[in-house]
Amino acid sequence: MASVSRVPLRRAIADVPAYVPGARAAVGAAAFKLSSNENPYPPLPSVVAAIGDGAVDVNRYPDMFATELTEAVAHRLGVTPEQVVTGTGSVAVLGHVLAAVCEAGDEVVLPWRSFEAYPIAVTLAHAQQVRVPVQADGRLDLPAMAAAVTRRTRVVLVCTPNNPTGPAVRDAELRDFLAAVPGDVLVVLDEAYVEFVRDAQAPDAVALLAEHPNVVVLRTFSKAYGLAGLRVGYAVARPRIAAGIRTASTPFGVSHVAQLAALASLRAEGELLTRVEAVVAERERLLDGLRAQGWDVPDSQANFVWLGLGDRSVTFAERCAQAGVLVRPFAGDGVRVSVGEKEATDIFLEVAAEHAPR
């Protein structure tokens, strides 16, 4: 009979909320997956070729600092390579950011509801989360977030566009917010969906980084670039902060295959951004369709939309699954619906019509 382990785990582990991934179709079942904010398009042929080229070298460790990719990202953004730190998706990079700046008991101010991984990352960094409710229209309440900053605050997380509600912060309000936050508090602008933003008032985060030394920008290749399965993200920061994040990063975190795929994606950016335009157009069709049915939908600037269904969220998601589309319910709050194929939009709108406000 096997003995039971009596090795104690950290007390904080028991308090870490489980990350709930988007639903997947059962084996053999046919359903459109609109539950994980993935790009509905497969990788471009040039990216697939790069992945194949990298596969023959997986017996070797990758370039630990993703040097070529870091230089390419820096060139594209107009910053120095010393300012760019890569990692296995922007969520992992966020963990490294928090590990680099948070001491036990420090506070991290975050909007809520926002990205589900935030409370997990904060707890694992030994910090305390301070949640600030988003507004009724799904927008971040930046004045309230600034007011929540105390002497114990080390980091403020600004998700823009906000996942799962969709709106992006605007330049004027973000500048006011940065002016109100002390210079020794790190402001993390999480821009995982920035390529989908079409709001003319949206900020230029990299320009703000040049003006504010306490800003860090997070971005990813998972969404617009369609590399969610390879896990490549990065932070952009002032060199001293970037060096600290790099020190806290997992060695050899980004695989050789992922580095080559991301480089190929940057080279094919024109083709990829054409696909992004198609996703944006489909997002607008989805928003227009929902509003025509009477839904009050936030102004999404991402590749998903949000329905604040409250206690009806889970049953609505179950009905969608029965119809052949998988969406992401947040029990008691709402349902997030990723933008997918046109056929998926058509099916979802049929289900939404059944539950539309009367």
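For every chain, the first residue of the written sequence is number 1, and numbering continues from 1 along that sequence. Local features are withheld for residues below a pLDDT of 70 in this predicted model, meaning they are given only at 70 or higher, and side-chain atom pairs are given and counted only at 80 or more; totals for whole chains, interfaces and linings count all residues. Side-chain metrics in this entry use all non-hydrogen atoms of the structure; hydrogen atoms and water are not considered.

Some details on the overall build of the protein chain
Along the backbone of the protein chain there are 13 helices and twelve strands. On the principal axes, the C-alpha backbone points of the protein chain span a range of 65 × 55 × 50 Å. Every one of the 358 residues in the protein chain was classed for burial, and the buried ones make up 52%. Two residues qualify as a contact provided that any one of their heavy atoms is within 4.5 Å of a heavy atom in the partner residue. Expressed as a percentage of contacts within the protein chain between residues at least 6 apart in sequence, the contacts between residues at least 24 apart total 74%. Working note: accessible area of the protein chain is about 16,300 Å², and carbon and sulfur atoms make up 55% of it. Here the protein chain contributes 33 positive and 40 negative side-chain charges, whose respective centroids are spaced 5 Å apart. Elements are defined by DSSP. Helices are runs of H or I of four residues or more, strands are runs of E of two residues or more, and each kind is numbered from the N terminus. Any residue under 20% of the maximum accessible area for its type is buried, any over 50% is exposed, and the rest in between are partly exposed; the area is computed with a 1.4 Å probe on protein chains only. Note on areas: these come from Shrake-Rupley sampling with a 1.4 Å probe, and a residue is covered only by the protein chains present in the view. By the counting rule applied here, Lys and Arg register as positive and Asp and Glu as negative, while His and the ends of each chain are not counted. Lysine's charge is taken at NZ, arginine's at CZ, aspartate's at CG and glutamate's at CD.

Quick look at the pairing of strand β9 (residues 304-307)
Along any regular strand the residues' side chains alternate between the sheet's two faces. Neither face of β9 is open: one carries Phe304 and Trp306, the other Val305 and Leu307, and all of them are buried. With four bridges connecting them, β9 and strand β12 (residues 334-338) associate as antiparallel partners. The residue of β12 that forms the bridge with Leu307 is Val335. Strand pairing follows a simple DSSP-based rule, namely that at least 2 bridges must link the two strands.

Thoughts on the nonpolar core
Leu69, Met145, Val158, Phe177, Phe221, Leu290 and Phe348 are the most contacted members of the largest nonpolar core, which totals 82 residues. By residue number, the principal contributor to this core is helix α11 (residues 269-292), which donates seven residues. In this structure, Phe177 is in contact with Leu142, Met145, Ala146, Val156, Val158 and Val187, ignoring residues within four places of it in sequence. Within this scheme, the nonpolar core is defined by two criteria: the residues are buried Ala, Val, Leu, Ile, Met, Phe, Trp, Tyr or Cys, and they are joined through side-chain atoms within 4.5 Å. The next biggest cluster of nonpolar side chains, apart from the first, holds 28 residues, and it includes Leu94, Leu110, Phe115 and Ala242.

Quick notes on a nonpolar patch on the surface
On the surface, Tyr61, Met64, Phe65 and Phe252 cluster together into a nonpolar patch covering about 460 Å² of accessible area. Following the sequence through the fold, Tyr61 ends up in the loop between α2 (45-55) and α3 (67-77). Nonpolar side chains (Val, Leu, Ile, Met, Phe, Trp, Tyr) within 5 Å and like charges within 9 Å form the patches, drawn only from residues with over 30% relative accessible area and no salt bridge. Counted as salt bridges are all cases of a side-chain nitrogen of Lys or Arg within 4 Å of a carboxyl oxygen of Asp or Glu.

Read these as layout, nothing more, since geometry by itself doesn't imply function.
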